Amino acid sequence: MSDPETDPGPPHRLHCRHCQDVIGAYEPMVLETHQGSSETSLAAEPSLYETDQPCFHRACYDQARDHGR
Ligand SMILES: [Zn+2]
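What counts and what doesn't
Every chain's residues receive numbers from 1 upward, in the order its sequence appears when written. Under the rules for a predicted model, residues below a pLDDT of 70 receive no local features and side-chain atom pairs below 80 are neither given nor counted, while totals for whole chains, interfaces and linings still include all residues. Numbering of helices and strands runs from the N terminus; a helix is a DSSP stretch of H or I covering at least four residues, while a strand is a stretch of E covering at least two. For every residue, the other C-beta atoms within 10 Å of its own C-beta are counted; 20 or more classify it as buried, 12 or fewer as exposed, and values in between as partly exposed. C-beta atoms are placed from the backbone. In this description, a residue-residue contact is defined by the distance between C-beta atoms placed from the backbone, which must lie within 7 Å. Here, a strand pair is defined by DSSP locating no fewer than two bridges between the strands. In this analysis, axes come from line fits to C-alpha atoms, helices being fitted only over the stretch in contact, and the angle between any two N-to-C directions falls in the range 0 to 180 degrees.

Novice: Account for the overall build of the protein chain, naming residues and giving values.
Specialist: If you tally the helices and strands in the protein chain, you get one helix and three strands. The buried share of the protein chain, taken over its 69 residues, is 14%. Pairs at least 24 residues apart make up 48% of the contacts formed inside the protein chain by residues separated by at least 6 positions.

Below you can see the structure in the form of structure tokens.
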């Protein structure tokens, strides 16, 4: 557990696994979890900046799934 007050590291940035672009805080995004995919946003869940799970822009997730078929 790191305290943001005493640990002023560089701000984390979440990158889309599909287009490698940064996912903005207020952009709709999809998080892939063991339970399935969930739609969320960084503004709603700031803890996602630290996640190891694959993250996608909402639109990129649809594209990635189409290509996977
Ligand atoms: Zn993307």
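Novice: Pulling in residues and values, what's your account of the sheet that holds strand β2 (residues 36-40)?
Specialist: On the basis of which strands lie adjacent, the open sheet formed by three strands has the order β2-β1-β3 and antiparallel pairing. Either end of the sheet is taken by a strand with one partner, and the two such strands are β2 and β3 (55-57). This sheet shows a mean twist of 25° between the axes of neighbouring strands, independent of strand direction. Judged from the three bridges that link them, strand β1 (residues 29-33) and β3 form a sheet pairing that is antiparallel. Bridged to Met29 within β3 is His57.

Novice: Requested: an account of the pairing of β2, with residues and values cited.
Specialist: Within β2, only zero of the five residues are buried, which leaves it mostly out in the open. By the bridge criterion, five bridges tie β1 to β2 in an arrangement that is antiparallel. Its bridge partner lying in β2, Val30 is registered against Glu39. Counted along the chain from β1 to the antiparallel partner β2, the turn is two residues long.

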